[in-house]
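For reference, the chains in residue letters:
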Amino acid sequence: MATVASPTNRLALERRARNLAWLGNGWHVVEFAVAVGAGVAAGSVALVAFGIDSLIEFAAGGVILWLFSGGRGHNANAERRAQQAIAVSFYALAAYVVIESARSLTGSHPDASWIGIGLAAITAPTMPYSHGRSAASGTS
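Residues numbered from 1 in each chain as written. Predicted model: local features only at pLDDT ≥ 70, side-chain atom pairs only at ≥ 80, totals over all residues. Heavy atoms only, no water.

Concerning the confidence of the model for the chain
And step 1. Confidence along the chain averages 79 in pLDDT terms, with 85% of residues attaining 70 or more.
And step 2. No element of the chain has a lower mean pLDDT than helix α5 (residues 127-136), at 52, and none a higher one than helix α1 (residues 7-42), at 89.
And step 3. Considering only residues more than four positions removed or in separate chains, one finds that residues 132-140, a stretch of pLDDT under 50, has four contacts. (pLDDT = per-residue confidence, 0-100. Helix = DSSP H or I, 4+ residues; strand = E, 2+ residues; numbered from the N terminus. Contact = heavy atoms within 4.5 Å.)

The structure is reproduced here in structure tokens:
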């Protein structure tokens, strides 16, 4: 059952969503640069895909900023467009992974990436918390 926030509470929640999106976007830019750089250096499709996923999450944060600015937060059409924009980016990532994975079957194998392992060690422990919080709030 959905609850309706008061206008004052809604503004505070929208401000919090924007602040969290800015914070997340800062991290995703760093994560993208490190993962793609390490992935290219190691020849790792998975690590490059992880970096591209960070770019998609950055874009999703931008969608959140757009959605909760200018009074669009309560607009069902704006929310639907935001969901579609994020969905298209995930389809593009899936296409990249499929194509590059098929190319990898021809014999090239990635090198070990200690930077990628370090990035995973830093990122992995925070994933259940951040994704659990978004799932609990009804967002993804």
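Quick word on the environment of Pro110
And step 1. Relative to the assigned elements, Pro110 resides in the loop between α3 (76-104) and α4 (114-123).
And step 2. Residue classification places Pro110 among the partly exposed residues on the basis of a relative accessible area of 46%.
And step 3. Spatially, the C-alpha atom of Pro110 lies 9.6 Å from that of Leu47, the residues being 63 residues apart in sequence.
And step 4. Discounting residues that sit within four places of it in the chain, Pro110 has contacts with Ala42, Gly43 and Ser44. (Buried < 20%, exposed > 50% of the residue type's maximum accessible area, 1.4 Å probe, protein only.)

A few points about the side chain of Asn25
And step 1. Among the secondary structure elements, Asn25 is positioned in helix α1.
And step 2. Residues within four places of Asn25 in sequence aside, it is in contact with Glu57, Phe58, Gly61, Gly62 and Leu65.

A short note on the packing of α1 against helix α2 (residues 45-67)
And step 1. The contact between α1 and α2 brings their axes to 7 Å, and the two run at 160 degrees. The angle between the axes of α1 and α2 places the two elements in the roughly antiparallel class. Crossing handedness for the pair α1 and α2: left-handed.
And step 2. A class-by-class count of the residues in the contact of α1 with α2 yields 17 nonpolar, seven polar and three charged. (Axes fitted to C-alpha atoms, helices over the stretch in contact; angles between N-to-C directions. Parallel < 35°, antiparallel > 145°, perpendicular 65-115°, else oblique. Left-handed = near helix turned anticlockwise from the far one by under 90°. Nonpolar A, V, L, I, M, F, W, Y, C, P; charged D, E, K, R; others polar.)

Quick word on the side chain of Asp53
And step 1. Looking at the element boundaries, Asp53 is found in helix α2.
And step 2. When its relative accessible area of 17% is taken as the criterion, Asp53 is described as buried.
And step 3. When residues no more than four places from it in sequence are discounted, the contact partners of Asp53 are Phe90 and Leu93.

Observations concerning a nonpolar patch on the surface
And step 1. A cluster of nonpolar residues, Trp27, Val30, Val34, Ile115 and Ile122, forms a patch on the protein surface that exposes about 440 Å² of accessible area.
And step 2. It is α1 that contributes the most residues to the nonpolar patch, three residues altogether.
And step 3. Here Val30 shows up in helix α1. (Patch = residues over 30% accessible without salt bridge, like charges linked within 9 Å, V, L, I, M, F, W, Y side chains within 5 Å. Areas by Shrake-Rupley, 256 points an atom, 1.4 Å probe, with all protein chains shown as cover. Salt bridge = Lys/Arg side-chain N within 4 Å of Asp/Glu carboxyl O.)

Quick word on the packing of α2 against α3
And step 1. Packing of α2 against α3 brings their axes to within 10 Å, and their N-to-C directions diverge by 175 degrees. Judged by the inter-axis angle, α2 sits roughly antiparallel to α3.
And step 2. The class makeup of the residues in the contact of α2 with α3 is 16 nonpolar, three polar and four charged.

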